[in-house]
Amino acid sequence: MGNSYAGQLKTTRFEEVLHNSIEASLRSNNLVPRPIFSQLYLEAEQQLSSLEAGSRADNEEEEEEEEEEGSESSSPPISYQMKPPPEGCCTTDGFCQAGKDLRLVSISNEHIEVPSGFLLVGAKSPNLPDHLLVCAVDKRFLPDDNGRNALLGFSGNCVGCGKKGFCYFTEFSNHINLKLTTQPKKQKHLKYYLVRNAQGALTKGSVICWKGAEFRSRQSSSNTCSSTLFQLPESSGPSGSLSNEPLPATNTNAPAGTQQTAAATDHIPSTAAFSSAVYNGKESPKQQLLKNNLSGLTRPSVLGTLTNSGPPKKRHKGWSPESPSSTETWNLQLNPQVPNRIKSDGGSLSTLPHSALVGPASSPMVGSGEPVSVPDNLLKICKAKPVIFKGHGNFPYLCGNLNDVIVSPLLYTCYRNSQSLSRAYEQYGASTIQPISEEMQLLLTVYYLVQLASDQVPLIEDLEQIFMRSWRESHLSEIRQYQQAVPQAFSQVPSQIAPVTSAQLTWLAGLAASSCNDSVHIIECSYSLAEGLSEMFKLLVEGKLIKTNYVVILCAGRNRAIDSCIVITGKYQARVLSESMLTPSDYQKEVNYQLVTGKVETLGSFFSTLCPEGDIDFLLDKFYQENQGHISSSLSASINKPMTLNGIGAAVCTSYDLERHQIRPFQLAVAQKLLSHICSIADSSTQNLDLGSFEKIDFLICVPPSEVTYQQTLFHLWHSGILLELGLEKEHLTKQRVEQYVMKLDVEAQIKFKIFLQNSMQNPHTLFVLIHDHAHWDLMSAMHSLYPQTELSTGLVDRLLNCREVKEAPNIVTLHVTSFPYALQTQHTHISPYNEIHWPSSYSNGVDLYHENKKYFGLSEFIESTLSGHSIPLLRYDSSFEAMVMALGKRFPRLHSAVIRTFVLIQHYSAAMMAVCGLSQMKNYTSVETLEITQNLINSSRQCPSGHGLMVVLRIPCTPLAAVAYERLYNVRERLALEDNFEIILGNPNSGITIGKHFVEQLKVWQKIEDVDWKPQTYLELEGLPCILIFSGMDPQGESLPRSLRYCDLRLINSSSLVRTTLEQELGLAAYFVSSEIHTDKAVVNDVLESDPEKLSSTDNEDEEVATEGSTSEKRSPMKRERSRSHDSASSSLSSKTSIAAFCRESSPLTTTGDTTKSPHHVLSSSAEEATNNYERQKQKVDKGAQTMISKHLPPPTEQLDTKQNIKSAQISITSSSSSPFSSSSSSSASTHNSFILQTSQCSMTKATKQPPIVFLPKLVYDIITSTDSSGLPKSSSLLPYHSVMWASSFRPLMSKMMTCTEQSLYYRQWTVPKPIHMDYNNRNEGRMDAFHPRRLLLSGPPQIGKTGAYLQFLSILSRMLIRLTEVDVYDEEEININIKEESDQYYHQPGDVWPDLETYRSMSRRQEDMYTRRQTTRMRLSKYAAYNTYHHCEQCHQYMGFNPRYQLYESTLHAFAFSYSMLGEEIQLHFIIPKSKEHHFVFSQPGRQLESMRLPLVTDKSEDYIKSPTFTPTTGRHEHGLFNLYHAMDGASHLHVLVVKEYEMAIYKKYWPNHIMLVLPSIFNGAGVGAAHFLIKELSYHNLELERNRQEELGIKPQDIWPFIVISDDSCVMWNAVEVDFSGDRKSDYTWTERNVSLKQILQHIEATPNVTHYALIGMRKWASKTNSAEIKEPFSCCHVHDFIMLNVDLTQNVQYNQNRFTCDDVDFNLRVHSAGLLICRFNHFSVMKKQIAVGGQRSFHIKSKVSDTPVSVSPAQYICAPDSKHTFLAAPAQLLLEKYLQYHSHRFFPLSLKNYSHPVLSVDCYLNLGPQIAVCYVSSRPHSLNISSSGLMFSGLLLYLCDSFVVASFLKKFHFLKGATLCVICQDRNSLRQTVVRLELEDEWQFRLRDEFQTANAKEDRPLFFLTGRHI
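Residues numbered from 1 in each chain as written. Predicted model: local features only at pLDDT ≥ 70, side-chain atom pairs only at ≥ 80, totals over all residues. Heavy atoms only, no water.

**Topic: the overall build of the protein chain**
Phase 1: Broken down by element type, the protein chain carries 52 helices and 57 strands.
Phase 2: Per-residue burial over the protein chain gives 62% buried out of 1914 residues.
Phase 3: Looking at the protein chain alone, contacts between residues at least 24 apart form 76% of all its contacts between residues at least 6 apart. (Helix = DSSP H or I, 4+ residues; strand = E, 2+ residues; numbered from the N terminus. Buried < 20%, exposed > 50% of the residue type's maximum accessible area, 1.4 Å probe, protein only. Contact = heavy atoms within 4.5 Å.)

Following this line, the structure appears as structure tokens:
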């Protein structure tokens, strides 16, 4: 609580400890407080180590000092019981108990009286993290500027109510309603001084420093201990400087609750400290739980620094090596903020290569033994802070200048994890194998360090792989069969390593280090590491370790464990490792601090001294004054010239073409894959997605808060037309309407998202697709947000997309879209591996799967370009730039390398611009690469008639540095008068694009835009604009770049942040499509490779390993070979004497001055050997057209460039030789050439679109990207995938290049776990399926490949599919009526009659009609009254389908029902399956519950909610597709529905339709057709009618009152329609009619209510057709055929039977029998039924195949009959089916005279058979008293006698007359019956028979074939 001095016993120190002891005794529950002197001396001794202080963040953790006496570090904190407030007082947060407002924001402008000696301070309340409470405190009780001399105790006043004299801070905290759960302490809650600003408002000032000055200056993560570092007073500008005094500053970017980093300005807070996660200043209970319970394999690690030189906390807590949990730390952050939130890993590890670490973050990094003093001025002497990695055993205390060293537990954790290697392999039986020994670990570490190059940095992943490989090869060779072999990545590691003893260790380590030229130095200690560390520090100070990068200190005694540590002393390595410990936010703060405090000015002054001619600014001013008039005029002339040319109609560039929205084959394939995954979710049994219940699609696209990405998505959405296609918007689309569908994840997102959720709840029949684009961005848990309150976007994804409403909504599908899915593929992911969709490979086994006219260049293509055999590498590094950065890094060790790199690169660009503009001396102050970029940028617009140019992307992640770079380059450009030559654009994620008016006008001309107010809003719209785009922001957020991108300069990316996602997304900026066609000018135009690897990128390796020889990479210009010799400038041909003109060629060989006088032809062949080699290749590779063009358009060799004449223009804009090798810069001869070729070859933008951009990388990143293992996998792929995840184990198999995307996903799902800050952290059902969200999908594909277009296309086809699901193909067949005329004079009923009149109907003539119709279909939208199949699910019909909780699923009973039927000669046994829910429809006998009958209503019954007629639906083969769900069709009305099924299908129908009554046919009917089902339905129904009449007669009901009708419906009837007639016309005969869908309930109830309905035998309706005959509407009732859906009066038709043998047309046959029996058939023409086309079941269930062969060979209908006794192949099919099918297709063979002879039909007696559409049939009945057509005068062309019975006699047949030559066909059951029929009917009298005219169906004898006899009429 008091002042801490470095262990020196002074009076004030003694008083302080005494006071603390007394105070602790009073507060403590412990009876024996700790002795004063043990506190005083023990802690003074132990303060020599800085570890414990370093493990605390700052005085947010200060409360741990004051915990209860005797409590150990691992004990839970003592809970604090707050005194209850007095009754009636105010308890509102932010107000005192008197009810007065104390919040700073509320009273900042009020006058507050402050007593003399008092100061206003800000107190922090845990419940108001964003507010400060104003208090007046006696300054004697506050610390001085050095953090000392604060009196113990408290004295304060309330500024709200004015109450004074609070003597205890506990009492005061109660009064101001702090509501604390921990002991109140002034150190913890009094945070800031409050001061008045220039306007007089009270504002937050500097932090109250409760610690000592030494600690303040060194505590790198101390956020509250001193003056604010980089906050300027509001009145001061950006150039304001900071003094050493605290500044009462506020930062507009930081909220009140944000605590700022504090340090003395002469110290740089570049190191990170250990800090424990805090909650309200204490460790949260959750954090405690994590600390205590997490196993070693799942703990994240921490890499931190030791920072405190002050004493330890006074309870000696956490300093014992036996209590490791005391130093367990969960986050490594510079800025613990928002104290009311749980803080955990702030992503510091994410930035590390080391973050692969697992294990407790702690490690006993506690000191032991004698202390080691860190020398003063160590940083100044060594030019770097040594990084000490603790290894094995005990680590000594450090004291002294602790700010100049960094200590990390990383290696310790790696070693410890490797000790548990074998546990991961217990599944392979390896549990008895010993782990790798400590000696071996250390020796392998030395081997590893020895083989590192001087410019390499050690990676923990490398060590882990070495340990694993060593362990595998030593112990477990048998596991190789389970896993791939580990590549031999480290050649110096012996393959078989014998066990190493501690005695051998030192000798072996020294031996290994002896070969590395002092790069690794071994120090052996005798007693402890302390002596080794002391020696190391001594050697460092003496300068004896200058060449040494790594010092290995080990203490290996014989009888004790090894102690070891490794010190990184190499300046480069130490700098990279220390900077890698900064979190992204800390990195930004550090840089910002250095900029604001002016520390970079030393760098600027150093640059000034480099230039012998003077300061660059001086040179610029001089140049500007000298050339102002000349340059501006000449330049404007050169710039404006093309535009003038355009005006006078001269040649203009025709290559400008902004790509509009078009779907490529890849995108369509991906969209279809997405659709198929959606369908599989819907088809699964989980019922998580009911696609059938959705009618339309809606969507919301979530994008990162980048304005450019947002506008880009709007642009894609607008041009895709998807909103109009989905019907979401009307034709006149406005931008405001489009914006409703795209949501930027920023502060305003919650409003838009709330609307989205409300819409989803209000529209349950709309499927909402929530698309999360760039989904790897911001995966921060909403609970663990570590960012300032202003950054509300942090954790937004978790708050919105993972909210309960989204998870539970059945109509929301979430689609995550990303190029880097790794962070969503952890052990805790929400996304099922089955719901991942990966971008497909373009090739499979050498076959091009999708024909694309463009080729994608991604990471793997860029890497491949660096391999030998390719021309210009697309990935390069700049060695001269790197060398300068490294040199400056040693000179300025305190500056962050990002600052140095940025200033060096700005210097290079500035010098290059000056060099190109004529200041040739400046070429020595830039690099070749920068000069190449700059000259091509400046010259590009002059090479195109229209002024098109190149884009250069300069990536500067740190926003303040980007602003500095922009300002500097902008200024240089202005001084060089290049402001109209190219634009400089500052690309900030949070703002739009700002460019000059001149360039906006140019873009408008190129893009033909007439809108006056138009300005570009996306980078894509900058196509062709010559510009430098300074791309800032820590991460790209999905912005796409235009095709004119030529250079992607990534030299400034944070190379210490070695995480796979980070590296790949930086390189993803350069991902590019190039045209895959070979252009005729390609050999001349293309100056870099177009490589031809087979992969899309490293993220998609499926089936892509085929290499192609003779790839297009060699189809290039010869001029590029010389540049391709090197990837960097070290071996390039730059000479310091090179003239500036040479630099004006884009990338031609950089030749000497003399080369400028050569013709372009000579430039082409400047290297004879190179040219010859390339010519041979060109001869093979380039087509003849290209060769001809080259030879045709090269100017003659004599045409030379006049150097003197053109030197001025050359300095500005000499034409790029490589772009146009055949034209000189004077371009006087250009017009003589073909103008098209000239334009194309001159335009740099055209060239850029045909080749990928060139990418410049930092050397460190370049080495990682281009180094591969033996499988070819880039090293970057094996890095930690994402900063907020960690490896589950160090001991994991290696990834392989052969892994497909799916295998990579499974790898990450097994081997990575999210950190607590990750939003998936709490989804911890590890591997269980219920951890996956069922409606969440992940689409991954390489960057810039077209994922947006793919998911928009997916929305389109998903919408179409939903519409298709709500549509159905119905038969649309027009009936062809023979004798009804359109305008017949006689109509029996009025069009508006709703029921037929019985007497009128009896007098109507029967319509004759042709029943043969075309099978045409029409697609119809399902109405709400449709019948459905089993795929339909909705809430309303769940109970109907059997999902009623009252009844168990499938709970039904089987009942036998038998009745005798004389015609069959036996008793018929049927079975009913009756669900419990349907038993009320039946009557059962009481004692035995035997089924007695099916209940029938009375004719007189009337009910609105009841259908009287039982419905029977015969079905076969359609258990899934049959339309048996009549719930909606019946509009919920009660009805009895019976499915009539065959015995062998009973189980499957019962499974799919558990709540339907089944009537099971006897097994003898298993092979029968629909006739048998109709026959049994009718007979059963009549028998049941008799039973019901008998049963109800006993109840006094007359038999004729029982309802006699049943409905027989096809299983494909889908919808029903009714015609509404409107008589609003003038005349009575005028009417209009409309047809609409109605419910089946309405139709049936209407028909059932027909007057005298029981007098009709058959009632039906029209079959729907789109072309309905108006005559049918005019006559509302017809006596004609009814089929498909009929009401059958089983009483009247008792004696008319269905033919049980029939398969087809049995309904027509039955209609004819009913009509001939004199019974009434009525068709309601105002009603119609639609039949769905179902492709399975029904008639298709009968497959006719050969009986002898099992192979399914198709048999044509002509083979269905054969001659008797022939050797014809018999068929396995019923004889009746063969007969009917044969007659349907080949009846003309029996009746040749009848073909198309409609006036002479075939006479068919007692039976109707379908003879096909071209033969007319006349049916007659032989029954007495039957009604037959009058045949007088009618001549028949044939006679068909089918199984005729005794009613057919010879005299009956003699009534009919036949044409001469008419044919007869007699069909009987056997040959004997055939002969008897011929004799009995005296057929030989009129018909002539021949022996060969006898046939049979192609059945075997046992299958009882039918026999035919044909004859001719005599």
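**Focus: the pattern of salt bridges**
Phase 1: Under the counting rule described, the total for this entry stands at 50 salt bridges.
Phase 2: Here Lys1854 ties to Glu1882 by a salt bridge, and the two come within 3.1 Å at their closest N and O atoms. Of this pair, Lys1854 sits in the loop between α51 (1850–1853) and β55 (1857–1868) while Glu1882 is found in the loop between α52 (1871–1880) and β56 (1887–1897), placing the two residues 28 residues apart along the sequence.
Phase 3: The network of salt bridges with common partners includes Arg1364, Glu1367, Asp1369 and Arg1419. (Salt bridge = Lys/Arg side-chain N within 4 Å of Asp/Glu carboxyl O.)

**Describing a positive patch on the surface**
Phase 1: A contiguous patch of positive charge on the surface is contributed by Lys380, Lys383, Arg891 and Arg894.
Phase 2: Mapped onto the fold, Lys380 is located in helix α9 (residues 378–382). (Patch = residues over 30% accessible without salt bridge, like charges linked within 9 Å, V, L, I, M, F, W, Y side chains within 5 Å. Areas by Shrake-Rupley, 256 points an atom, 1.4 Å probe, with all protein chains shown as cover. Lys, Arg positive; Asp, Glu negative; His and termini not counted. Charge placed at Lys NZ, Arg CZ, Asp CG, Glu CD.)

**Details of helix α42 (residues 1347–1365)**
Phase 1: When the terminal C-alpha atoms of α42 are compared, their 26 Å separation across 19 residues agrees well with the 27 Å that a helix rising 1.5 Å per residue should span.
Phase 2: Counting buried residues in α42 gives 15 out of 19 residues, a clear majority hidden from the surface. (Expected span 1.5 Å × (residues − 1).)

**Observations concerning the packing of helix α28 (residues 897–916) against helix α30 (residues 959–975)**
Phase 1: α30 packs onto α28 with a crossing angle of 15° between their chain directions and a minimal axis gap of 10 Å. Here α28 is positioned roughly parallel relative to α30, judged by the angle of their axes. In the packing of α28 onto α30, the handedness of the crossing is right-handed. Contacts from Ala898, Val899, Thr902, Phe903, Ile906, Tyr909, Ser910 and Met913 of α28 reach α30 at Leu961, Val964, Ala965, Arg968, Leu969 and Val972. (Axes fitted to C-alpha atoms, helices over the stretch in contact; angles between N-to-C directions. Parallel < 35°, antiparallel > 145°, perpendicular 65-115°, else oblique. Left-handed = near helix turned anticlockwise from the far one by under 90°.)

**Brief notes about the pairing of β56**
Phase 1: In the sheet, strand β50 (residues 1761–1762) pairs with β56 via 2 bridges, with the strands oriented antiparallel. Following the sheet pairing, Ile1761 is matched in β56 by Thr1897.
Phase 2: Bridge count between β56 and strand β57 (residues 1907–1913): 6 bridges; the pairing is antiparallel. Across the sheet, the residue bridging to Trp1887 is His1913, located in β57. (Pairing = 2+ DSSP bridges.)

**Quick look at the sheet that holds strand β4 (residues 190–196)**
Either a parallel or an antiparallel arrangement is found when strands of a sheet pair, and the pairing is made through backbone hydrogen bonds.
Phase 1: Read from one edge to the other, the open sheet built from 5 strands follows the order β3-β2-β1-β4-β5, with strand pairing classed as antiparallel. The open sheet has two edge strands with one neighbour each: β3 (156–157) and β5 (202–207).
Phase 2: Note that strand β1 (residues 118–125) and strand β2 (residues 128–138) share 8 bridges and pair antiparallel. Within β2, the residue paired with Val121 across the bridge is Cys135.

**Comments concerning the packing of aromatic side chains**
Phase 1: With the rule as written, the count across this model stands at 37 aromatic pairs.
Phase 2: Ring plane angle 50° and centroid distance 5.6 Å describe the contact between Tyr1782 and Phe1790, whose orientation is recorded as tilted.
Phase 3: According to the relative accessible area criterion, Tyr1782 is buried, its value standing at 2%.
Phase 4: Its relative accessible area of 5% is what places Phe1790 among the buried residues.
Phase 5: Taken together, a centroid distance of 6.0 Å and an interplanar angle of 75° make the contact between Phe1836 and Phe1856 edge-to-face. One end of the pair, Phe1836, is in strand β54 (residues 1835–1842); the other, Phe1856, is in the loop between α51 and β55, and 20 residues separate them in sequence. Both residues of the pair, Phe1836 and Phe1856, count as buried.
Phase 6: An aromatic cluster is defined as three or more aromatic residues linked by ring pairs; in this entry it consists of Phe1836, Phe1852, Phe1856, Phe1858 and Trp1887.
Phase 7: Its end group placed over the ring of Tyr192, Lys204 keeps NZ or CZ at 4.6 Å from the ring centre.
Phase 8: If you follow Arg1051 out to its NZ or CZ, it ends over the ring of Phe881, 5.4 Å from the centre. (Phe/Tyr/Trp six-rings, centres within 6.5 Å; stacked < 30°, edge-to-face > 60°. Lys NZ or Arg CZ within 6 Å of the ring centre and 35° of its normal.)

**Thoughts on the environment of Val1285**
Phase 1: With respect to the helices and strands, Val1285 occurs in strand β28 (residues 1285–1287).
Phase 2: Classification of Val1285 as buried rests on a relative accessible area of 0%.
Phase 3: Through-space distance from the C-alpha of Val1285 to that of Asp1320 is 9.8 Å; in sequence the pair is 35 residues apart.
Phase 4: Other than its neighbours up to four places away in sequence, Val1285 contacts Ala823, Thr826, Leu1280, Val1313, Pro1314, Lys1315 and His1318.

**A look at the sheet that holds strand β22 (residues 951–955)**
Phase 1: Taken together, the 6 strands give an open sheet; going across it, the order is β21-β27-β25-β22-β24-β23, and neighbouring strands pair in parallel fashion. Since the sheet does not close on itself, it has two edges, and those belong to β21 (875–877) and β23 (983–987), each with one partner. Ignoring strand direction, the axes of neighbouring strands in this sheet form an average angle of 20°.
Phase 2: Strand direction decides the pairing type here: β22 and strand β24 (residues 1027–1031), joined by 5 bridges, are parallel. By the bridge assignment for β24, Val952 is matched with Ile1028.

**Some thoughts on empty space enclosed by the protein**
Phase 1: The volume enclosed by the largest cavity comes to roughly 1100 Å³.
Phase 2: Along its surface, the largest cavity is lined by 48 residues, and His716, Leu1020, Ser1040, Gln1344 and Gly1346 are the ones closest to its centre.
Phase 3: The dominant element in the lining of the largest cavity, judged by the number of residues it contributes, is helix α20 (residues 707–720), at 6 residues.
Phase 4: Grouping the amino acids of the lining of the largest cavity by side-chain chemistry returns 17 nonpolar, 21 polar and 10 charged.
Phase 5: By volume, the second largest cavity amounts to about 540 Å³.
Phase 6: Forming the walls of the second largest cavity are 37 residues, and the residues nearest its centre are Arg575, Val576, Glu579, Leu895 and Ser897. (1 Å grid on protein atoms, 1.4 Å probe; cavity = no way out; pocket = protein on both sides within 12 Å on 5 of 7 lines; lining within 4 Å. Points joined across faces, edges and corners; volume = space filled by probe spheres on them. Nonpolar A, V, L, I, M, F, W, Y, C, P; charged D, E, K, R; others polar.)

**Details of α52**
Working note: α-helix, 3.6 residues per turn, so residues spaced by three or four point in the same direction.
Phase 1: Every buried residue of α52 is accounted for by Leu1874, Thr1877 and Val1878. Buried residues of α52, seen end-on, are gathered within an arc of 100° and therefore sit on one face of the element.
Phase 2: Capping of α52 at its N-terminal end is provided by Asp1870; its side-chain oxygen lies 3.2 Å from the backbone amide nitrogen of Asn1872.
Phase 3: Just downstream of α52 lies Glu1882, where phi reads positive at about 50°. (Arc of directions from axis to C-beta. Polar contact = N/O pair within 3.5 Å; in protein donor to acceptor, adjacent residues only side chain to side chain.)

**Things to note about the packing of helix α19 (residues 665–683) against α42**
Phase 1: Between α19 and α42, the shortest axis-to-axis distance is 8 Å and the interhelical angle comes to 50°. The angle between the axes of α19 and α42 places the two elements in the oblique class. Remark: the crossing between α19 and α42 carries right-handed chirality. Between α19 and α42, the contacting residues are Gln667, Leu668, Val670, Ala671, Gln672, Leu674, Leu675, Ile678 and Cys679 on the first element and Gly1349, Ala1350, Gln1353, Phe1354, Ile1357, Leu1358 and Met1361 on the second.
Phase 2: Considering only residue class, the contact of α19 with α42 consists of 12 nonpolar, 4 polar and no charged.

**Some thoughts on the state of the cysteines**
Cysteine pairs can be linked by a disulfide, which is a covalent bond between their two sulfur atoms.
Phase 1: Applying the stated rule across the entire model yields 0 disulfides.
Phase 2: For Cys161, which is in no disulfide, the shortest distance to another cysteine sulfur is to Cys158 and amounts to 3.6 Å. (Disulfide = S-S within 2.5 Å.)

**Re unusual backbone geometry**
Phase 1: Located in the positive-phi region is Lys179, a residue other than glycine, with phi close to 50°.
Phase 2: On the secondary structure map, Lys179 appears in the loop between α5 (169–175) and α6 (186–189).
Phase 3: The phi angle at Cys1705 is positive, at roughly 55°, despite the residue not being glycine.
Phase 4: Of the residues examined, Cys1705 reaches a relative accessible area of 21% and is grouped as partly exposed.

**Section: the confidence of the model for the protein chain**
Phase 1: The share of residues in the protein chain with pLDDT of 70 or more is 70%, and the mean pLDDT across the chain is 75.
Phase 2: Counting interchain partners and residues more than four positions distant, the pLDDT-below-50 stretch residues 632–650 has 23 contacts.
Phase 3: This stretch, residues 1408–1414, has a pLDDT under 50; its non-local contacts, to residues over four places away or in other chains, come to 30 contacts. (pLDDT = per-residue confidence, 0-100.)

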